[in-house]
Amino acid sequence: MDQSKIRFGLNYIDTASPLHRLSGVTKFALFIYWITVVLTTFDLRILAGMLFFGLLLIVLSRVPFRIYRPFLLFMIYILIMNSLFMFLFAPMQGVEYMGSKTVLFVITERYTVTRETLFYLLVIAVKHFSIFPMALLFVFTTHPTEFASSLNRIGVPYKVAYSVSLTLRYLPEITKDFVNIMQSQQARGVDISKNVPLKQRITNVTRVLIPLLLSSLDKAEVISNAMSLRGFGTEKKRTWYNARPLAKGDAIVFTAMALFLIFAVWMKRNLGTMFWYPF
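Just so you know, these numbers come straight off a predicted model, no measurement behind them.

Participant: So what's going on with the overall build of the chain? Which residues, and what values?
Facilitator: On a plain count of helices and strands, the chain comes out with 10 helices and 2 strands. Counting helices and strands in the order they occur from the N terminus, the chain gives α-α-α-α-β-β-α-α-α-α-α-α. Every one of the 279 residues in the chain was classed for burial, and the buried ones make up 37%. Long-range contacts, defined as pairs at least 24 residues apart, comprise 75% of the intrachain contacts of the chain with a sequence gap of at least 6. Carbon and sulfur atoms make up 66% of the accessible area of the chain, which totals about 17100 Å². When the 30 positive and 14 negative side-chain charges of the chain are each reduced to one mean point, those points stand 4 Å apart.

Participant: For the domain arrangement of the chain, give the residues involved together with the corresponding values.
Facilitator: With domains assigned, the chain is organised as domain 1 (11-143 + 242-278) and domain 2 (144-241). Each of domain 1 and domain 2 has a C-alpha centre, and the two are 31 Å apart. In this assembly, 16 residues from domain 1 lie in contact with 12 residues from domain 2. For domain 1, the biggest contributors to the area lost against domain 2 are Phe28, His143 and Asn242; these three give 50% of the whole. Ranked by residue count, the leading element in the side of domain 1 that touches domain 2 is helix α1 (residues 24-39), at 4 residues.

Participant: Any details on the packing of helix α7 (residues 144-153) against helix α8 (residues 158-187)? Residues and values, ideally.
Facilitator: Two elements in contact, α7 and α8, have axes separated by 8 Å at closest approach and are oriented at 160°. Overall, the two elements α7 and α8 adopt an arrangement that is roughly antiparallel. In the crossing of α7 with α8, the sense of the turn from one axis to the other is right-handed. Residues Pro144, Thr145, Phe147, Ala148, Leu151 and Asn152 of α7 lie in contact with α8, whose contacting residues are Tyr158, Ala161, Tyr162, Val164, Ser165, Leu168 and Arg169. Class assignment of the residues belonging to the contact of α7 with α8 gives a composition of 9 nonpolar, 3 polar and 1 charged.

Participant: Explain the packing of aromatic side chains to me, using residue names and the numbers behind them.
Facilitator: Taken as a whole, this structure holds 12 aromatic pairs when the rule is applied. With a centroid separation of 5.4 Å and 90° between ring planes, the pair formed by Phe65 and Tyr68 is classed as edge-to-face. Remark: Tyr68 and Phe65 occur in helix α3 (residues 65-89); sequence separation between them is 3 residues, near one turn of the helix. The exposure class assigned to Phe65 is partly exposed, which follows from its relative accessible area of 44%. Classification of Tyr68 as buried rests on a relative accessible area of 9%. Both rings, one in Tyr68 and one in Phe140, keep their centres 6.3 Å apart while their planes meet at 45°; by these two values the pair is tilted. Taken as a pair, Tyr68 in helix α3 and Phe140 in helix α6 (residues 131-141) lie far apart in primary sequence, 72 residues in all. An identical accessibility class is assigned to Tyr68 and Phe140; each is buried. An aromatic cluster is defined as three or more aromatic residues linked by ring pairs; in this entry it consists of Phe28, Phe31 and Phe138. In this structure, Lys127 packs its charged tip against the face of Phe42, placed 4.1 Å from the ring centre.

Cut-offs and rules
- Numbering of residues starts from 1 in each chain and follows the order in which that chain's sequence is written.
- This being a predicted model, a pLDDT of at least 70 is required before a residue's local features are given, and a value of 80 or more before pairs of side-chain atoms are given or counted; all residues contribute to the totals for chains, interfaces and linings.
- Hydrogens and water are ignored here; the side-chain numbers use all heavy atoms of the structure.
- Put simply, DSSP H or I for four residues or longer makes a helix, DSSP E for two residues or longer makes a strand, and each gets a number counted from the N terminus.
- Only protein chains enter the accessibility calculation, which uses a 1.4 Å probe. A residue is then buried if its area is under 20% of the maximum for its type, exposed if over 50%, and partly exposed in between.
- Contacts are residue-level and defined by heavy atoms, with any inter-residue pair within 4.5 Å sufficient.
- Under the convention used here, a 1.4 Å probe and the Shrake-Rupley method define accessible areas, while residue burial counts only the protein chains that appear.
- Note that His is not counted, nor are the chain ends; the positive residues are Lys and Arg, and the negative ones are Asp and Glu.
- In this description, the location of a charge corresponds to atom NZ of lysine, CZ of arginine, CG of aspartate or CD of glutamate.
- Domain boundaries shown here were taken from an automatic or database domain assignment.
- Computed with a 1.4 Å rolling probe, the buried area is the accessible surface lost when two parts are put together, summed over both parts.
- Where helices are involved, their axes are fitted lines through C-alpha atoms of the stretch in contact, as for all axes, and angles between N-to-C directions lie from 0 to 180°.
- Here the angle decides the label: under 35 degrees means roughly parallel, over 145 means roughly antiparallel, 65 to 115 means roughly perpendicular, and every other value means oblique.
- Handedness of each helix crossing follows the sense of rotation of the near helix against the far helix: counterclockwise by less than a right angle gives left-handed, clockwise gives right-handed.
- Three classes are used: nonpolar for Ala, Val, Leu, Ile, Met, Phe, Trp, Tyr, Cys and Pro, charged for Asp, Glu, Lys and Arg, and polar for all others, with Gly counted as polar.
- Note on aromatic contacts: the rings of Phe and Tyr and the six-membered ring of Trp form a pair at centre separations within 6.5 Å, being stacked when their planes are under 30 degrees apart, edge-to-face when over 60 apart, and tilted otherwise.
- Two conditions define a charge sitting above a ring: the NZ of Lys or the CZ of Arg must be within 6 Å of the ring centre, and it must be within 35 degrees of the ring normal.

As structure tokens, this is what we get:
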């Protein structure tokens, strides 16, 4: 198996961009705010604007395109498949929501392609896709420890926040262990490539996953013992090494979030319907 294909690219990447200088609290609040707005609106104008702005922020983060290109392509593939299955299971869903029916062409008696259905599928695809850039941006620009301190500052118990931080920090380590164990098993003649039948490949994969699971549990126990020896959990509060204070940039972001929220509520109240349909 090509080792270059086994990489965990969703990590913190320090490019010293202005977005990296924002507090973890601000980025976490922005991420939650973004998801909330996306999930509560079906207005294509708002969703398209958020998608464009999210992609622009990814560019401003200075993270190389080659790092998130595979995730971008995978997300596009998932959206295409999701739209296809939505059409197969409910071909008239768009007609029901828009309240009109404009037939473009007929495939079968059940499957008729209408302009309303295509518009509905476009809105849903943009809606899902607009969350993707912000999720990537949050992961690329927020250090796990800083993220944990942000969770703690908004009220999450520090034990839970630290557990989340440890999980994010050790995902690359688990990937590294997986590669090492797989190479060791391959040296012993265990093949998990396409050259062996599927049933045999599944069996061989378990020979990699079981040592990986045992190794991960062993490391978790070592970390747990080390933290207990250092008195972790004995105090009600704790300090954070990467707790970044709020600055001028954070105030600008919070102000922009408030203004956009007012704009989104104003548009929703004036639109009067769930979907904005220009035709």
